[in-house]
Amino acid sequence: MKKRVSASGIILKDKKILLCKRSSSERYFSGCWTVPGGKKDIGESIKDTVTREVEEEIGLNFKPKKKLGEFELITEDFHNVSHVFMGDWVGVPTITSTEVEQVNWVSYPQLKNLKLAFSYRDVIEKLHLLNIL
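So, how was this worked out
Residues numbered from 1 in each chain as written. Predicted model: local features only at pLDDT ≥ 70, side-chain atom pairs only at ≥ 80, totals over all residues. Heavy atoms only, no water. Helix = DSSP H or I, 4+ residues; strand = E, 2+ residues; numbered from the N terminus. Rg over C-alpha atoms; globule rule 2.2 N^0.38 Å. Salt bridge = Lys/Arg side-chain N within 4 Å of Asp/Glu carboxyl O. Buried < 20%, exposed > 50% of the residue type's maximum accessible area, 1.4 Å probe, protein only.

Caption draft 1: The arrangement of the overall build of the chain in detail. When helices and strands are counted, the chain shows 3 helices and 8 strands. Secondary structure elements of the chain occur, N-terminal to C-terminal, as β-β-β-β-β-α-β-β-β-α-α. Its C-alpha atoms give the chain a radius of gyration of 14 Å, within 12% of the compact-globule value 14 Å for 133 residues. Seen along its three principal axes, the alpha-carbon backbone of the chain occupies a region of about 40 × 30 × 30 Å.

Quick look at the structure:
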C-alpha cells in the first residue's frame, strides 16, 4: 500500500469555504469536491507544501497560520495523511491547474449534497463544530 502525505489549505470568506472540483481525468475521486492541496514533495516542509499547492491549483497566495488537524484515509490503493491548515490568503481564486475543473464558494448547508474527496467530509464537520463554517 502506498503511503502519501499531503497538505491542504482552508480558504474561508463570509462563512463559506472555497472548494475545488477535481478534474474528471484524475485517478482518484474524479469529479468530487475538495479543498486546494496536494502531495508533499521530498525535502519540502508541510507548510511549504500547502503554500505551493494552493498557488498551483487556484493561484492564491496562502500563508498557513493554524493547523486544523491531520485527517487519514485508507483505501486498498493508498494510505493518505492530509495535514489541513487554516490561514491568510490574498488574490482571486483562478483555476491554474489541469487537476481542477471548477472552483466555488460553498456554505455549510450546500455541502450536504456534494460528493467530497478523500477525508474532507470530516474536515468540513470539524469546521462546523468549531463554528467556523
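Caption draft 2: How the structure looks around the pattern of salt bridges. What the rule picks out here adds up to 7 salt bridges. Taking the shortest distance from any N to any O, the salt bridge between Arg22 and Glu26 comes out at 3.3 Å. On the accessibility criterion, Arg22 (14% relative accessible area) is buried. The shortest N-O distance in the salt bridge between Asp88 and Lys65 comes to 3.9 Å. Of this pair, Asp88 sits in strand S7 (residues 78-90) while Lys65 sits in strand S6 (residues 61-74), and the two are 23 residues apart along the sequence. Salt bridges sharing common partners tie together Asp41, Glu44, Arg52, Glu53 and Glu56.

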